[in-house]
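# Structural characterization, general
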Amino acid sequence: DAVAVAGWASSPRITRSTSRGIYIYVNGRLVRDRVIRHALVEGYRGRLMKGKFPVAVLFIKVPYDQVDVNVHPAKAEVRFKDSRSVFRMVSRSIEQAILKEKGIKEIYPSEEEKRSFRIEENGPAPRFKILEKEEKEPAETEPRPAKAED
């Protein structure tokens, strides 16, 4: 069994001030995971302003013996047996998708990564769609004081 990554991620031009727009599913379960969130942001390396986060939905399939879901009482957190491989898989998948969207030749995966991610030539490849259109969300502004009338 191989690690598989798929999902949707925003263009580097579409960002949020918090990570609340990042949804991570591991083996079909919605989870919070710092490693994956950091890998996602790392995939945008040099393309995001400091303190900004992309909007993304990630679906990660990991062999069940490679992930522990009993870390949190509500099963909202996971622990990977080999978190480095999952980190590299997610960050390189995002980076590849951004470059591919710009018409740059695919850079993923290298032969070494194929071995470390257990990816076969015809095995699952990362699939990401970079979203260019921004959906409007309420502006995060402070209320304006009322004008004093003379």
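Worth saying up front: this structure is predicted, and the values here are computed from it rather than measured. (Residues numbered from 1 in each chain as written. Predicted model: local features only at pLDDT ≥ 70, side-chain atom pairs only at ≥ 80, totals over all residues. Heavy atoms only, no water.)

### What to know about the pairing of strand 6 (residues 56–61)
- Alternating residues of strand 6 divide into Ala56, Leu58 and Ile60, all buried, and Val57, Phe59 and Lys61, none buried.
- Looking at chain direction, strand 1 (residues 4–10) and strand 6 are connected through 6 bridges and run antiparallel. Note on strand 6: the bridge partner recorded for Ala9 is Ala56.
- Judged from the 5 bridges that link them, strand 3 (residues 22–26) and strand 6 form a sheet pairing that is parallel. If you follow Ile22 over to strand 6, its bridge partner there is Ala56. (Buried < 20%, exposed > 50% of the residue type's maximum accessible area, 1.4 Å probe, protein only. Helix = DSSP H or I, 4+ residues; strand = E, 2+ residues; numbered from the N terminus. Pairing = 2+ DSSP bridges.)

### A look at the confidence of the model for the protein chain
- In this model, the protein chain carries an average pLDDT of 76, and 65% of its residues clear a pLDDT of 70 or more.
- Confidence over residues 115–125 falls short of pLDDT 50; this stretch has 24 contacts with residues more than four positions distant or in other chains. (pLDDT = per-residue confidence, 0-100. Contact = heavy atoms within 4.5 Å.)

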